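# Summary of the model geometry
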Amino acid sequence: MSPPRLTGALRSFSIVTKKEDLNENVSDLKLKRMKKRELFGREGLTWQKILHFCTDHQDKMKQHAVHQELKNLLSAAKEIVGTENGQEAVEHAAVFLFEIFHDKDHVGRQETEAIKEMFGPFPSSAAELFFACVVRLVDSLNYSGMKEFIHSYRSPHTLHHGSSFGCNIAFTHDCYKLDPLEELLCSGIQNQNMSIDFHNFLKTQPSRMNVVNDGEMFTTEKSWMNGAILRTEVEKYLNEGNMISSSPEDLCTSIFEMLASHKSNDELQNELFELLGPEGLEMIYTLLQKREVIVDSPQNIPPLSRGQSGNLNDSVRKLSDEVTRPAYGCQVTIHSEQERHLMKIFRREEKRERKRGKGTDDVECSDAILNFDPKEMRTQREQALLTARHEPVLGRERVYERIKYPNVYDSYADATKTHAFVGGATMLLPLGIRRENTKMYEEVEIPPNAPMPIGFEEKPIYITELDEIGQLVFKGMKRLNRIQSLVFETAYNTNENLLICAPTGAGKTNIAMLTVLHEIRLHLQPGGIIKKNEFKIVYVAPMKALAAEMTNYFSKRLEPLGIAVKELTGDMQLTKGEILQTQMLVTTPEKWDVVTRKSVGDIALSQIVRLLILDEVHLLHEDRGPVLESLVARTIRQVESTQSMIRILGLSATLPNYLDVATFLHVNPYIGLFFFDSRFRPVPLGQTFVGIKSTNKIQQIHDMEEVCYNKVVEQVKAGHQVMVFVHARNATVRTAMGLIEMAKNRGEACVFQPDQGPDYGQCEKQVHRSRNKQMKEMFPEGFGIHHAGMLRADRNLMESMFSRGYLKVLVCTATLAWGVNLPAHAVIIKGTQIYDAKRGALVDLGILDVMQIFGRAGRPQFDKYGEGTIITTHDKLSHYLTLLTQQNPIESQFLVSLADNLNAEIALGTVTNVDEAVRWLSYTYLYVRVRANPLAYGISYKALQMDPSLELYRKEIVIDSGRKLDKARMIRFEERTGYFASTDLGRTSSHFYIRYNTIETFNELFNSQRTEADILSIVSKAEEFEQLKVRDEELEELEQLLCNYCELPAAGGVENGYGKVNILLQTYISRGDVDSFSLISDLSYVAQATCYIM
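We now turn to the structure provided with this report. If you're wondering where the values come from, they're calculated on a predicted model, not measured in any experiment.

## Overview of the sheet that holds strand 7 (residues 584–587)
Within a sheet, each strand pairs with its neighbour through backbone hydrogen bonds, oriented either parallel or antiparallel. The parallel open sheet is built from eight strands, whose spatial order is 1-10-4-9-8-5-7-6. Each end of this open sheet is capped by a strand with a single partner; those strands are strand 1 (408–409) and strand 6 (565–568). As paired strands, strand 4 (residues 498–501) and strand 10 (residues 673–676) are joined by three bridges and run parallel to one another. Looking at strand 10, one finds that Cys-501 is bridged to Phe-675. Here helix 24 (residues 508–522) sits on the sheet and contacts strand 4, strand 5 (536–540), strand 7, strand 8 (609–614) and strand 9 (647–652); the angle it forms with strand 9, its principal contact strand, is near 170 degrees. Packing against the sheet, helix 25 (residues 544–558) makes contact with strand 5, strand 6 and strand 7, and its axis sits at approximately 170 degrees to strand 6.

Next up, the structure:
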């Protein structure tokens, strides 16, 4: 808190009036700070002196450590002063900070304000880092010697503590007339030629007493009560055991000055929260509600009675009997020689009373009223404020600090700990953003993040440092990247479960490889022989495309060791012999769930699994999340029941609630939890958000096309490749054709045409061999398309052409972001509305999808930064900007498929009664999140307090699911005893992955009178086909298929999803030909699914 300003009246008697320099540019804050730093740098202590002192006072063994600490000081100072300043400015800053922190035990409010005054806004983490380095440096040196050294060179501009405000101001009393006090009577005073009347003296004090007119009090009882509000609230707050070191008077004074300031209630709310802490929230609310009443109420105490008493002690006692209040908002007062003499006499009498031991409490009370010495009061107040500055803002007993985990680098979590965040301040976007507002759109551009500074304990892991197996597998690499080096020790040399949360493209696959190598080394015999039949490694990838890519990657890397890697998905089936000869299986969650559900045959396979790698764990919040939960719960229960060691590795994008996921995976957060935020991206990401203002849908689409084209052209002209992400398969062709047409209309088609390299002709021939007509048309123009409806060969061809540089623009769907590691310098998301088949409506693109797509921006080998652009409507612009800073935690979707998973466990034999089912639920992510966020799952906090383990809730949902399964004849549930028994129908549905809703549909619709047409119609209504939807461009071909190949009537026709399934099913049985690639893909899926349903 800065000292109070002198009034104009006092300035006329002092030497503090300053002549104004009209030429000075007072508004240039940056210039002022620069001059201040220059002045500081010219005098006193220098960096060279600190350097010599620290190194001269250390032996040679410790000099290296001291040099390292000094380097850390400079790097932290550089972060505070700004990277744009030179070395000299950084050294001056380091000296200034060193002087401030050398004798401190924490970073207090006073130090923060001093740094802010010198350098402006600065990152608090850098100040904490600097302080920690100074503490370590001072501890290694002689503290007293250090203190003498600092004081010998201390700059006059450095903060001085303990000096009172106004002590160096000279006052003169010339021309200052006081009201004459004539013929004051003297009682008991020797050697003084003046008379003293205490009653007149007390009554004439304008700053302490009210003037009494005709025996009536000037203030009313109501105003007196209003004035006592502050005192009452302060005493109530202190009686609760808060701020024990502060007195009520000091606290009242500080709070009154805050309330009397010109600051708004919102600003005061944060300041009062810093002063009083969380326990003072009610008090803050009351004070702000009654702020005007407190500030405007009379600050005077009730006057003394007019009864005369010649005895000084009687006066003191009378004053003590009155209700006292502190002096709020103290002002400097000037006394004449007579008044000063009166005060001396009063204090002498007071000391005598104290010595006699009489009226101690009375004197203390009267002291609060009669202590008129302004200098003494100012000194006391300054001292109290200085003491408060050195104390932590929130006392230790009231601070609920988040636990700091050693391997968590989360800048957002650090921001949530600040007082501004707790006090309700708004989170701002990063510095340096650029906004552009036109009639068509509003654009917000956020520059790339600065990477996380490398800590002094970090060191890269070179491949040459690894053992022979590690060097064979990582052949061709020089060293592991930063994230891999940090995880290396835990992944490569321990059996700990791991959760790695890192941005897309940060190298998580190589971390998985480190855990694979650790497992192989456990089964390595002395002669270099690997016991291949003793272990299996399972890598669970979320998509078939990603599974194929991972199979290729691990096969190439592990080939020198003779480890066989095979893909096990719906597309790639393996025989039992092939599975036995394979050491590593790359599969999808559903396929591995089917394998582990079977109690015979494949059970031997699941029992020799020693490492389970789960990729993209953040998919827990999506429809496929329950499968992951079921897999992990089954694996952990297997570990506990068989006492076999199965290591779990979870790989994920950056999650807001990573601690919940770590708990679910049974990861020790102090050892196995690694969280890296966006500062660890291998290529920093610049983000652009564009909001289209038009509300007319047609105009909106046109404007989006226009903005998208401008962004694409800008990047291609700069020599970069671009990926444009759309949200429907047909939109890829439509968008690509639209961009080509706009380029031709504007005469910019040549910009997109590829550079014809030596193998361009061969690539052109490969493209022309494809059956995809649109792909062949676009390739010469430099455009390509990619979506899941294309044949795998065509998708691979497009990926190859783009990576070689023959495609300038690739228009694709989100499957490319999730499934294939194909980066580009720039990515553009065109539109954020995506169709949800279950809801039958358009929904907003999720933030995890946005982050995954943006993760494809930036090629680590070639780019210094990547660029991600999202084009949305103007009303969604703030929504996506907000999600950047405030992600919502991912929740469990397990309740939706609880019946299916419970049936699988009953069929497997791991759950036989309600109690076991309740225990089984405690291994799921649902159980973790229900306890953390009960309201999201329909549980009140009161119910949680009464049943902390939620056993009753779990029992309730298990019984409910058991009844449903019993009704569907999938199990037999005896409610009286709580026992479950599986039926043939339940076992069949579990082994063949048929859902509960499908079985219920079949039970309802099937009977002995059904015809063949009815059977096909019922099968086409199975839940497994729910995601298949009818596309506009398919209607014509479906009509032809219905006429040419359907022998039986297809219920629903071509316009319904189940009608489309029926037509495709009959076409497959009739061996009909299908032209559309999306229909070919759907036909393949329908044929596969029908095989295990029927």
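Once the structure has been displayed, the description carries forward.
## Let's talk about the packing of aromatic side chains
Applying the stated criterion to the full structure yields 20 aromatic pairs. Seen in terms of ring centroids, Tyr-760 and Phe-779 are 5.7 Å apart; in terms of plane orientation they differ by 15 degrees. Their pairing is stacked. Of this pair, Tyr-760 sits in helix 34 (residues 760–769) while Phe-779 sits in the loop between helix 35 (773–778) and strand 13 (783–786), and the two are 19 residues apart along the sequence. This pair shows no difference in class: Tyr-760 is buried, exactly as Phe-779 is. Ring geometry for Phe-1002 and Phe-1006: centres 5.4 Å apart, planes at 70 degrees, overall edge-to-face. Since its relative accessible area comes to 11%, Phe-1002 is described here as buried. Take Phe-1006: its relative accessible area is 34%, and that puts it in the partly exposed class. Clustering of aromatic rings is evident, with ring pairs tying together Tyr-409, Phe-674, Phe-676 and Phe-680. Above the ring of Tyr-492, the side-chain terminus of Arg-521 is found at 4.2 Å from the ring centroid.

## Re a nonpolar patch on the surface
On the surface, Ile-403, Tyr-670 and Ile-671 cluster together into a nonpolar patch covering about 280 Å² of accessible area. Following the sequence through the fold, Tyr-670 ends up in the loop between helix 30 (658–664) and strand 10. Classification of Tyr-670 by relative accessible area gives partly exposed; the value is 45%.

## Focus on the pairing of strand 7
Where a strand is regular, its side chains alternate between the two sheet faces. Neither face of strand 7 is open: one carries Met-584 and Val-586, the other Leu-585 and Thr-587, and all of them are buried. Bridge count for strand 5 against strand 7 is four bridges, and the pairing is parallel. Within the sheet, the bridge partner assigned to Val-538 lies in strand 7 and is Leu-585. As paired strands, strand 6 and strand 7 are joined by four bridges and run parallel to one another. Each bridged residue has a counterpart across the sheet, and for Glu-567 the counterpart in strand 7 is Val-586.

## A look at the environment of Thr-438
Relative to the helices and strands, Thr-438 resides in the loop between strand 2 (434–437) and strand 3 (441–446). Thr-438 sits 254 residues away from Ile-692 along the chain, and the two C-alpha atoms are 9.7 Å apart.

## Things to note about the pattern of salt bridges
A complete count under the given rule lists 25 salt bridges for this structure. Between Arg-435 and Glu-442 there is a salt bridge, with the nearest N and O atoms lying 3.0 Å from each other. A salt bridge links Glu-705 to Lys-830; its shortest N-O distance comes to 3.4 Å. Residue Glu-705 is found in helix 31 (residues 697–717), and its partner Lys-830 is found in strand 15 (residues 826–830); the two are separated by 125 residues along the sequence. Lys-830 carries the same exposure label as Glu-705, and that label is buried. Within the structure, one salt-bridge network assembled from shared partners comprises Arg-434, Glu-436, Glu-443, Glu-445 and Lys-711.

## Observations concerning the packing of helix 23 (residues 482–493) against helix 24
Packing of helix 23 against helix 24 brings their axes to within 9 Å, and their N-to-C directions diverge by 25 degrees. Here helix 23 lies roughly parallel to helix 24, going by the angle between them. By crossing handedness, the relation of helix 23 to helix 24 is classed as right-handed. Facing helix 23, whose interface residues are Ile-483, Gln-484, Val-487, Phe-488, Ala-491, Tyr-492 and Asn-493, helix 24 presents Asn-510, Ile-511, Leu-514, Thr-515, Leu-517, His-518 and Arg-521. Taken together, the residues of the contact of helix 23 with helix 24 sort by class into eight nonpolar, five polar and one charged.

## A short note on the nonpolar core
Formed by 69 residues in total, the largest nonpolar core has its most connected members in Trp-592, Leu-614, Val-661, Leu-665 and Phe-980. Contacts of Leu-614, omitting those with residues within four sequence positions, involve Val-540, Leu-628, Val-632, Ile-648, Leu-649, Gly-650, Leu-651 and Leu-665. Grouped together as the second largest cluster of nonpolar side chains are 65 residues, Ala-736, Met-778, Leu-822 and Phe-854 included.

## Re the sheet that holds strand 18 (residues 866–873)
Strand order across the open sheet formed by eight strands is 2-3-11-18-15-12-14-13, with mixed pairing between neighbours. Two strands close off the open sheet at either side, each with one partner strand: strand 2 and strand 13. Each neighbouring strand pair of the sheet contributes to a mean axis angle of 15 degrees, computed without reference to strand direction. Against the sheet, helix 31 makes contact with strand 3, strand 11 (685–692), strand 12 (722–725), strand 14 (809–812), strand 15 and strand 18, and its axis sits at roughly 170 degrees relative to strand 18, the strand it touches most.

Reading guide: rules and limits
- Numbering of residues starts from 1 in every chain and runs along the sequence as written.
- Under the rules for a predicted model, residues below a pLDDT of 70 receive no local features and side-chain atom pairs below 80 are neither given nor counted, while totals for whole chains, interfaces and linings still include all residues.
- With hydrogens and water stripped out, all remaining heavy atoms of the structure feed into the side-chain values.
- In this description, strands pair whenever DSSP reports at least two bridges between them.
- Only DSSP runs of H or I covering at least 4 residues are called helices, and only runs of E covering at least 2 are called strands; the numbering of each starts at the N terminus.
- Every residue pair with non-hydrogen atoms within 4.5 Å of one another is taken to be in contact.
- In this description, a line fitted to the C-alpha atoms serves as the axis of each element, helices being fitted only across the stretch in contact, and the angle between N-to-C directions of two axes falls anywhere from 0 to 180 degrees.
- Note on ring pairs: Phe, Tyr and Trp rings are taken, using the six-membered ring of Trp, and paired if centres are within 6.5 Å. Classes follow the plane angle, with under 30 degrees stacked, over 60 edge-to-face and the rest tilted.
- Each residue is placed in one exposure class: buried if its accessible area under a 1.4 Å probe, protein chains only, is under 20% of its type's maximum, exposed if it is over 50%, and partly exposed if it falls in between.
- Cation placement over rings: the criterion is NZ of Lys or CZ of Arg within 6 Å of the ring centroid and within 35° of the ring normal.
- Each patch is built from residues lacking any salt bridge and having more than 30% relative accessible area; the joining distance is 9 Å for like charges and 5 Å for nonpolar side chains (Val, Leu, Ile, Met, Phe, Trp, Tyr).
- Only the protein chains shown count as covering a residue, and every accessible area follows the Shrake-Rupley method with a 1.4 Å probe.
- Put simply, a salt bridge is a Lys or Arg side-chain nitrogen that is within 4 Å of an Asp or Glu carboxyl oxygen.
- For this classification, under 35 degrees means roughly parallel, over 145 means roughly antiparallel, 65 to 115 means roughly perpendicular, and everything else is oblique.
- Each helix crossing is assigned a hand: it is left-handed if the near helix lies turned anticlockwise from the far helix by less than a right angle, otherwise right-handed if that turn is clockwise.
- Residues were grouped as follows: Ala, Val, Leu, Ile, Met, Phe, Trp, Tyr, Cys and Pro as nonpolar; Asp, Glu, Lys and Arg as charged; and all remaining residues, including Gly, as polar.
- Only buried residues count toward a nonpolar core. Its members are Ala, Val, Leu, Ile, Met, Phe, Trp, Tyr and Cys residues joined through side-chain atoms within 4.5 Å.

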